[in-house]
Amino acid sequence: MNSIFYILALILFVLSIVTLRFKHPQWQPIVFVIYGVTSLLFAIFENGSLTPIFMIRYFFYISGAFMTAIIPFFLLLFAALVLQRTLRDRQEHYLRKLFGFLMVGTVLAFTLYTVWIIWLYGPLAIMRFMSIYVYIAMYLIATFISYVLVNLSLKYWPKQKHHSEIIVLGVRIDDEGVLSSTLRSRLQLAVESYLENRSQNIMSKIIVTGGSYDPEVPTEAEEMGGFLLAQGIPAEDIILESRALNTHENFYFSKSLLNSEQSVLVVTSSFHLIRAYYFAWQNGVSIDLKGAPSSLFSWGYNLVREYLAFLILTKEINFICMVSLSVYSIFQLFQIY
């Protein structure tokens, strides 16, 4: 039974290669890679006999056991976020909406059943669910590790030396029009890339993308354009895209502004690389990624936030995986007893 994780990892890695070859916008290679790495981690930790793997395996088990107490609350948070996204996203296919409501109902029923059993029989009744919750906790740890590893891979993946077009993804600006350190870091990296192109006599354009929820407030693109002008970037080399309100729209609206069929350089923050790649692929935009640095605290906080956003983005896969692992954990108990 344990070999199923190796087989699943192999299938997912093959699918990632196939999707890279055929470039279908709805089949995401980055998703297959992340969950392929997750499956491989499970396979190694379930079957590996080397001492380092043995130690890491028990770290997983112990961490999962400690996390058991908070997993029901995490599942409730997951259900709330899925429900919020399902209700808010008007463009989502009705089948995904139905599946979203099914997920929310299942998670709520399971967690409320857990609370009810503990209420009736006392805290020790949690032992009935320990195996399931430990596996779910291990799954979340493994997916987070996979997410971090793939995010780092994107940051250091080989890129073209020069690009004729640079897209800078916006960040929400406060009411006083002050650019955050995160956005300034992105813009500064874009300026460096632009000047590097100019030093090699390569002309390039910078597309700054980001709108505003308040029509009376300057858009992110306008504020970003002002910053670039202050840095000495010629106005004719700055293109404003002022309609996008999220990462998907950044690429959806920027795509029509691109003149080259070659890869475009996308500048965002280091913690935001995976979702940038995801939505660029979905919109058929070929990209190289540069991740702007941020403070350690900001990077950690935003990476966890981005990880949660990715879990919701791929909610169907996570739901199926968590249900499958719950069944698998019960099967393991039957083998023991």
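This is a predicted model, so every value here is computed, not measured.

Quick word on the environment of Phe73
Working step 1: Inspection of the secondary structure assignment puts Phe73 in helix 4 (residues 71-88).
Working step 2: Separated by 38 residues in sequence, Phe73 and Thr111 place their C-alpha atoms 8.3 Å apart.

Thoughts on the packing of helix 4 against helix 6 (residues 130-156)
Working step 1: The interhelical angle for the contact between helix 4 and helix 6, taken along N-to-C directions, is 60°, at an axis separation of 10 Å. On the basis of their axis angle, the class for helix 4 and helix 6 is oblique. Of the two elements, helix 4 crosses helix 6, and the hand of that crossing is left-handed. Along its contact with helix 4, which presents Ile71, Pro72, Phe74 and Leu75, the element helix 6 presents Tyr133, Ile136, Ala137 and Leu140.

Digging into the sheet that holds strand 5 (residues 287-292)
Working step 1: Reading across from one edge, 3-2-1-4-5 is the order of the 5 strands in this open sheet, with parallel pairing throughout. Strands with a single pairing partner mark the edges of an open sheet, and in this sheet they are strand 3 (238-241) and strand 5. The mean inter-strand angle of the sheet, taken between neighbouring strand axes irrespective of direction, is 25°.
Working step 2: Here strand 1 (residues 165-169) pairs with strand 4 (residues 264-269) via 3 bridges, running parallel. Along strand 4, the bridge assignment pairs Ile166 with Leu265.
Working step 3: Docked against the sheet, helix 10 (residues 273-282) engages strand 1, strand 4 and strand 5, running at close to 155° with respect to strand 5.

Describing unusual backbone geometry
It is generally the case that most residues other than glycine have a negative phi and that most peptide bonds are trans.
Working step 1: With a phi close to 55°, Lys23 is a non-glycine residue in the positive phi region.
Working step 2: Structurally, the position occupied by Lys23 is in the loop between helix 1 (3-22) and helix 2 (29-47).
Working step 3: With a phi close to 60°, Asn201 is a non-glycine residue in the positive phi region.
Working step 4: By the element assignment, Asn201 lies in the loop between helix 7 (181-199) and strand 2 (205-209).
Working step 5: The exposure class of Asn201 is exposed, given its relative accessible area of 70%.

Some remarks on the pattern of salt bridges
Working step 1: Applying the stated rule across the entire model yields 4 salt bridges.
Working step 2: Linking Glu306 and Arg275 is a salt bridge whose minimum nitrogen-to-oxygen distance equals 2.7 Å. With Glu306 in helix 11 (residues 296-313) and Arg275 in helix 10, the pair connects residues that are 31 residues apart, well separated along the chain.
Working step 3: Taking the shortest distance from any N to any O, the salt bridge between Lys315 and Glu316 comes out at 3.6 Å.
Working step 4: By relative accessible area, which is 0% here, Lys315 ends up buried.
Working step 5: The buried category is assigned to Glu316, whose relative accessible area is 17%.
Working step 6: By sharing partners, the salt bridges in this structure join Arg198, Lys205 and Asp237 into a single network.

With respect to the confidence of the model for the protein
For any part of a model where pLDDT is low, the fine detail of the predicted coordinates should not be relied upon.
Working step 1: In this model, the protein carries a mean pLDDT of 85, and residues with pLDDT of at least 70 account for 87%.
Working step 2: Here helix 3 (residues 51-67) stands out as the element of the protein with the lowest mean pLDDT, 64, in contrast to strand 1, whose mean of 96 is the highest.

Here we look at the environment of Leu140
Working step 1: Within the element layout of this structure, Leu140 appears in helix 6.
Working step 2: Excluding its chain neighbours within four sequence positions, the residues that come into contact with Leu140 are Ile71, Phe74, Tyr307 and Leu311.

Some details on the side chain of Thr111
Working step 1: With respect to the helices and strands, the residue Thr111 is situated in helix 5 (residues 94-121).
Working step 2: Separated by 3.1 Å, the side chain of Thr111 and the backbone oxygen of Leu108 make a polar contact.
Working step 3: Apart from residues lying up to four places away in sequence, Thr111 is in contact with Pro72, Leu75, Leu76 and Tyr133.

Cut-offs and rules
- Residues numbered from 1 in each chain as written.
- Predicted model: local features only at pLDDT ≥ 70, side-chain atom pairs only at ≥ 80, totals over all residues.
- Heavy atoms only, no water.
- Helix = DSSP H or I, 4+ residues; strand = E, 2+ residues; numbered from the N terminus.
- Axes fitted to C-alpha atoms, helices over the stretch in contact; angles between N-to-C directions.
- Parallel < 35°, antiparallel > 145°, perpendicular 65-115°, else oblique.
- Left-handed = near helix turned anticlockwise from the far one by under 90°.
- Contact = heavy atoms within 4.5 Å.
- Pairing = 2+ DSSP bridges.
- Buried < 20%, exposed > 50% of the residue type's maximum accessible area, 1.4 Å probe, protein only.
- Salt bridge = Lys/Arg side-chain N within 4 Å of Asp/Glu carboxyl O.
- pLDDT = per-residue confidence, 0-100.
- Polar contact = N/O pair within 3.5 Å; in protein donor to acceptor, adjacent residues only side chain to side chain.

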